[in-house]
Amino acid sequence: MINMPQKKHVIYVLQEGEIRQDRCLAISSGFVQRVTMIYTMKEMLEMETGKIENKGFSNFQSAADINMKALEDIIKNYRLMLKHLIIQAVSAERYEGILHLIPHERMEDIAIIYKAVIESGGEYTASVIVSHELLKSQGITESTFKKGALKQVSINRPVIIKGLKETIMEMTGTAYGEIEDHDEKIFIATTKDRTYGSGVIIYPGFLDDAGKQLKGSFYVLPSSIHEVLLLKDDGTMEPDALRDIVKSVNRTTVAPEDRLTDSVYRYDCNSGEFKIA
């Protein structure tokens with residue numbers, strides 16, 4: 001698990017005309033209400049999954065925190081929204097209550113959801129979940145959106161696949177000596193900015209490209225919502241043992257808001273099948 005910097009978020013648009021304190025931005029007759037709430041990532045997840053109620057309204061002190069005009073423009077302008085589009089892999093079980101409201105993809109017990117994000121460059125990040133109602137307000141069908149969305153996301157946040165040793169060396173400054181590709185047993189896949197990187201598993205061509213780099217079929221271990229570990233299936237590790245490792249790490253190392261699932265997945269390079277191992 002790679003520790004990611006925590007930012008506070010402005011919460012999402014879900015449905016047109018829905019004005020509730022647990023949704024800080026609402027579209028009503030095409031107008032984005034300038035009502036903001038500040039949540040930590042943990043609070044945001046708990047709110048989305050129905051574990052906590054709202055905590056009241058607050059206002060940003062300056063436009064430097066979040067450019068609200070930019071967020072409004074994204075909501076109204078489909079092409080602009082695509083330029084700010086990212087995806088996030090989430091537990092389908094934990095997000096079951098809102099999946100019917102939003103375009104998403106399923107990969108076994110993982111759901112891939114779409115967001116448009118505005119980075120402030122400071123402490124705050126504003127993000128809007130792409131919902132059916134949001135697309136409707138822009139005059140875009142879900143099928144049209146999905147045709148270009150994944151390709152655009154892979155451009156917005158390119159994938160990085162690096163050996164575990166190399167990644168640790170870069171992040172800690174620890175020297176491992178000369179590292180050759182054939183010495184690496186475990187690879188980390190994430191995005192260039194190392195945020196919500198586990199979603200790269202759905203990028204066009206990612207699984208096949210990873211198979212070429214690992215030289216065969218491989219296991220996918222959901223290290224967190226920010227990255228996945230790739231382990232070549234060379235017969236030395238059983239899925240049950242890998243699953244125990246994932247569960248243990250989730251319980252002892254990964255923050256609850258950063259956990260993806262306890263499952264282990266396998267990609268078969270011959271059949272092109274991705275499934276729970």
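Reading the values: the criteria
Residues numbered from 1 in each chain as written. Predicted model: local features only at pLDDT ≥ 70, side-chain atom pairs only at ≥ 80, totals over all residues. Heavy atoms only, no water. Helix = DSSP H or I, 4+ residues; strand = E, 2+ residues; numbered from the N terminus. Buried < 20%, exposed > 50% of the residue type's maximum accessible area, 1.4 Å probe, protein only. Pairing = 2+ DSSP bridges. Axes fitted to C-alpha atoms, helices over the stretch in contact; angles between N-to-C directions. Contact = heavy atoms within 4.5 Å. Salt bridge = Lys/Arg side-chain N within 4 Å of Asp/Glu carboxyl O. Patch = residues over 30% accessible without salt bridge, like charges linked within 9 Å, V, L, I, M, F, W, Y side chains within 5 Å. Areas by Shrake-Rupley, 256 points an atom, 1.4 Å probe, with all protein chains shown as cover. Lys, Arg positive; Asp, Glu negative; His and termini not counted. Charge placed at Lys NZ, Arg CZ, Asp CG, Glu CD. pLDDT = per-residue confidence, 0-100.

A word on the environment of Val249
- Topologically, Val249 is positioned in helix 8 (residues 239-252).
- A residue is classified by how much of its surface remains accessible, and Val249, at 28% relative accessible area, is partly exposed.
- Spatially, the C-alpha atom of Val249 lies 8.0 Å from that of Ser223, the residues being 26 residues apart in sequence.

What about the sheet that holds strand 9 (residues 186-191)?
- One open sheet accounts for 6 strands, arranged 8-9-11-10-12-13; its pairing is antiparallel. Each of the sheet's edge strands pairs with one partner strand only, and the pair in question is strand 8 (159-163) and strand 13 (273-276). In this sheet, neighbouring strand axes are inclined to one another by 25 degrees on average, regardless of whether the strands run parallel or antiparallel.
- With respect to the sheet, helix 7 (residues 206-214) is in contact with strand 8, strand 9, strand 10 (218-224), strand 11 (227-232), strand 12 (265-268) and strand 13, its orientation differing from that of strand 11 by roughly 45 degrees.
- Docked against the sheet, helix 8 engages strand 10 and strand 11, running at close to 10 degrees with respect to strand 10.

Topic: unusual backbone geometry
- The backbone phi angle of Arg194 is positive, close to 60 degrees, even though this residue is not glycine.
- Backbone geometry places Lys215, a non-glycine residue, at a positive phi of 60 degrees.
- If you trace the backbone, Lys215 turns up in the loop between helix 7 and strand 10.

Observations regarding the environment of Ile87
- By secondary structure assignment, the location of Ile87 is in strand 4 (residues 85-91).
- For the pair Ile87 and Lys115, spaced 28 residues apart in sequence, the C-alpha separation works out to 6.0 Å.
- Dropping the residues within four chain positions of it, Ile87 is found in contact with Ile112, Ile113, Tyr114, Leu150, Val153, Tyr196, Gly199, Ile202 and Tyr203.

Here's the deal with the pattern of salt bridges
- All chains considered together, the criterion is met by 8 salt bridges.
- A salt bridge links Arg243 to Asp240; the nearest nitrogen and oxygen atoms lie 2.7 Å apart. Here Arg243 pairs with Asp240, and both are found in helix 8, just 3 residues apart, close to one helical turn.
- Residue Arg243 is classed as buried on the basis of its relative accessible area of 18%.
- Through salt bridges with shared partners, a single network forms among Glu105, Glu142 and Lys146.

Thoughts on a positive patch on the surface
- The grouping of Lys165, Lys185, Lys215 and Lys232 at the surface amounts to a positive patch.
- By the element assignment, Lys185 lies in the loop between helix 6 (164-172) and strand 9.

A closer look at the pairing of strand 10
- Of all 7 residues that make up strand 10, 7 are buried, and the element is covered over most of its length.
- Between strand 10 and strand 11, which pair antiparallel one after the other, the connecting turn spans 2 residues.

Description of the confidence of the model for the protein chain
- For the protein chain, the mean per-residue pLDDT works out to 75, and 66% of the residues sit at or above 70.
- Contacts for the low-pLDDT stretch residues 1-45, under 50 throughout, to residues beyond four places or in other chains number 151 contacts.
- Confidence drops under pLDDT 50 across residues 49-65; counting only partners more than four residues distant or on other chains, this segment forms 33 contacts.

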